[in-house]
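Given next are the chains, with one letter for each unit.
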Amino acid sequence: MSFASDPRIDDERRDSSGRSRTEDGTRPSPHLDAADVCASAPGRVEFIGNHTDYNGGWVLGATIDRRVAVGLTRRDDEWITLESADDVSSLRVSLGEVTARSGEEGWGSYVLGVLAVLRNEGLAVDHGFDLRVESTLPVGAGLSSSAALELATALALTEAFDGAFDRKTLARLAQRAENEYVGVPCGLLDQAVVAFGAADRLVRIDARTEEITTVPFPASTSLWIFRTHEAHALADAHYQERHDEAHAARDRLDELIGPVEHLVDVSPSQLESVKDRLEPPLYRRARHVITEHRRVRRAVHLLEQESHEEVGELLFASHASSREDYENSTPELDFVVDRLEETDHVLGARLTGAGFGGAAMAWTRTSFGEEQARAVGEAYADRFGQELDVLPCHPAPGATVHA
Ligand code: GLA
């Protein structure tokens, strides 16, 4: 097991212009100091609300204190160069050939996709630029490094080329870039949390109305991430499959009890009344989304009442629903959540994000510490013969341009 602590890009403070500087007054990384514009964005956890976002439901997420930073410098010619401090290929493309990338250059699609949608929306990018990426956020862990890169890029581009887009528009455009250029039919969760997250807050999204608000993250509690290394090779294909099944379930329910605009419009009793007329997998997908939406609403209410134990129960119930009905958990994630459920000081735990591998999240009292986390990691190593990465984290500022 490894403990990943001491993130480099952290602890920002905003000044009156909304810009921010890191704790020591510098940009997030000295390597980005020379850039014309520097922007960064955090990763996120999905606190509760699994696969509700593309079904018109509610979701609660939180930014974490791990970030992706980009430094952008304008060039005098039409070339765009992309490089990363991580061990991935650099790219060089001309402004006239901004297209999706694949293979070794696949990461470039997040940047180029955002560039393409912003230009479609009128951003006048009349010069090439060099863009360098640095990150303290693990990639492929289900913590939305892609949305973080998209939002950091969107802010850097709009700052460098004088765009005027509000945050919600930027979140939507970043989502569109992921849908159209990366090819994942994700909802708004990741991009909205990354854009609207704040220190010590949870972000609540109503996907139907796209209303985004924040609620306080309880001070007496902590977040821990347990990253399995079982990222499923077919995760994107499974995501697409679940997305399509959920929409097929909605269409079927629209025929049976209509009108149904979103799956979450159906009540649990309405669903039960037509159970025999739905294919069993569609019934299970619908039951997960319908009950999960209600769990999120209840969690928001219970957080206001400071009923933390009951919120924790909802997190465990969410995981069970993902495992049984949405079938997007894995034996590794189930094991971690089961161990956490038996561990002192844990309020709740569940898989976080798309599932099919990736990370589980624990919401704990602050009395939960490395000793308890280590015990979970050791049990995991005994069972699977593999390391579990443990990241203590905390709700952190959202995407920002650095002065
Ligand atoms: C991924 C997607 C989100 C959301 C979650 C599951 O993180 O990007 O839009 O659907 O999975 O809740």
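Residues numbered from 1 in each chain as written. Predicted model: local features only at pLDDT ≥ 70, side-chain atom pairs only at ≥ 80, totals over all residues. Heavy atoms only, no water.

Colleague: Tell me about the layout of surface pockets, and please be specific about residues and values.
Modeller: The rolling of a water-molecule-sized probe over the atoms marks out the regions of remaining empty space. If you add up the space inside the largest pocket, you get close to 1,100 Å³. Lining the largest pocket are 44 residues, with Tyr110, Gly140, Gly142, Ser145 and Ser146 sitting closest to its centre. Residue composition of the lining of the largest pocket, grouped by class: 19 nonpolar, 17 polar and eight charged. (1 Å grid on protein atoms, 1.4 Å probe; cavity = no way out; pocket = protein on both sides within 12 Å on 5 of 7 lines; lining within 4 Å. Points joined across faces, edges and corners; volume = space filled by probe spheres on them. Nonpolar A, V, L, I, M, F, W, Y, C, P; charged D, E, K, R; others polar.)

Colleague: Lay out the packing of helix H5 (residues 235–257) against helix H7 (residues 280–304) in plain terms, naming residues and giving numbers.
Modeller: Where H5 meets H7, the axes come as close as 9 Å, and the angle between the chain directions of the two elements is 95°. The orientation of H5 with respect to H7, classified from their angle, is roughly perpendicular. Between H5 and H7, the contacting residues are Arg242, Glu245, Ala248, Ala249 and Leu253 on the first element and Leu282, Arg285 and Ala286 on the second. For the contact of H5 with H7, the per-class residue count stands at five nonpolar, no polar and three charged. (Axes fitted to C-alpha atoms, helices over the stretch in contact; angles between N-to-C directions. Helix = DSSP H or I, 4+ residues; strand = E, 2+ residues; numbered from the N terminus. Parallel < 35°, antiparallel > 145°, perpendicular 65-115°, else oblique. Contact = heavy atoms within 4.5 Å.)

Colleague: Outline the site of the ligand, supporting the account with residue identities and numerical values.
Modeller: In the vicinity of the ligand lie 14 residues, with Glu46, His51, Asp53, Asp190 and Tyr239 positioned nearest. Its free accessible area being 310 Å², the ligand has 95% of it covered by the protein chains. The site holding the ligand turns out to be the largest pocket. Those elements giving two or more residues to the shell around the ligand turn out to be strand E4 (37–48) and helix H4 (189–196). (Near = heavy atom within 4 Å. Areas by Shrake-Rupley, 256 points an atom, 1.4 Å probe, with all protein chains shown as cover. Sits in = over half its atoms within 2 Å of the grid points.)

Colleague: Could you give me a rundown of the confidence of the model for the chain, with the residues and numbers involved?
Modeller: When pLDDT is averaged across the chain, the result is 92; 93% of the residues are at 70 or more. For the stretch residues 5–19, pLDDT sits under 50, and the model shows 46 contacts to residues farther than four places along the chain or on other chains. (pLDDT = per-residue confidence, 0-100.)

Colleague: Residues and numbers for the pattern of salt bridges, please.
Modeller: Across all of its chains, the model carries 29 salt bridges by this definition. Between aspartate 190 and arginine 44 there is a salt bridge, and its shortest N-O distance comes to 2.8 Å. You can see aspartate 190 sitting in helix H4 and its partner arginine 44 sitting in strand E4, a full 146 residues away along the chain. Each of the two residues, aspartate 190 as well as arginine 44, counts as buried. Note that glutamate 46 is salt-bridged to arginine 350, the shortest N-O span being 2.6 Å. With glutamate 46 in strand E4 and arginine 350 in strand E12 (residues 346–352), the pair connects residues that are 304 residues apart, well separated along the chain. With respect to class, glutamate 46 is no different from arginine 350; both count as buried. Taken together, the salt bridges that share partners define one network made up of Glu241, Arg242, Glu245, Arg284, Arg285 and Glu327. (Salt bridge = Lys/Arg side-chain N within 4 Å of Asp/Glu carboxyl O. Buried < 20%, exposed > 50% of the residue type's maximum accessible area, 1.4 Å probe, protein only.)

Colleague: Which residues make up the packing of H7 against helix H8 (residues 308–326), and what values go with them?
Modeller: Relative to each other, H7 and H8 sit at 170°, their axes nearing to 10 Å. As summarised for this structure, H7 and H8 are arranged roughly antiparallel, according to the angle between their axes. Every residue of H8 that contacts H7 at Arg284, Arg285, Arg287, His288, Val289, Thr291, Glu292, Arg295, Arg298, Ala299, Leu302 and Leu303 is listed here: Glu310, Val311, Leu314, Ala317, Ser318, Ser321, Ser322, Glu324, Asp325 and Tyr326. When its residues are assigned to classes, the contact of H7 with H8 shows eight nonpolar, five polar and nine charged.

Colleague: I'd like to hear about the packing of aromatic side chains, residue by residue, with values.
Modeller: Overall, the coordinates contain seven aromatic pairs when judged by the stated rule. Ring geometry for tyrosine 54 and tyrosine 239: centres 5.6 Å apart, planes at 65°, overall edge-to-face. Within this pair, whereas tyrosine 54 is found in the loop between E4 and strand E5 (58–74), its partner tyrosine 239 is found in helix H5, the two being separated by 185 residues in sequence. One exposure class covers both tyrosine 54 and tyrosine 239, and it is buried. Taken together, a centroid distance of 5.1 Å and an interplanar angle of 70° make the contact between tryptophan 224 and phenylalanine 368 edge-to-face. Here tryptophan 224, found in strand E11 (residues 221–227), pairs with phenylalanine 368, found in the loop between strand E13 (359–365) and helix H10 (370–384); they are 144 residues apart in sequence, far enough to count as distant. Aromatic rings pair up to connect Phe335, Tyr380 and Phe384 into one cluster. Here arginine 297 stacks its cationic end above the ring of tryptophan 58, 4.4 Å away from the centre of that ring. A cation over a ring is seen here: arginine 383 above phenylalanine 384, with NZ or CZ 4.5 Å from the ring centre. (Phe/Tyr/Trp six-rings, centres within 6.5 Å; stacked < 30°, edge-to-face > 60°. Lys NZ or Arg CZ within 6 Å of the ring centre and 35° of its normal.)

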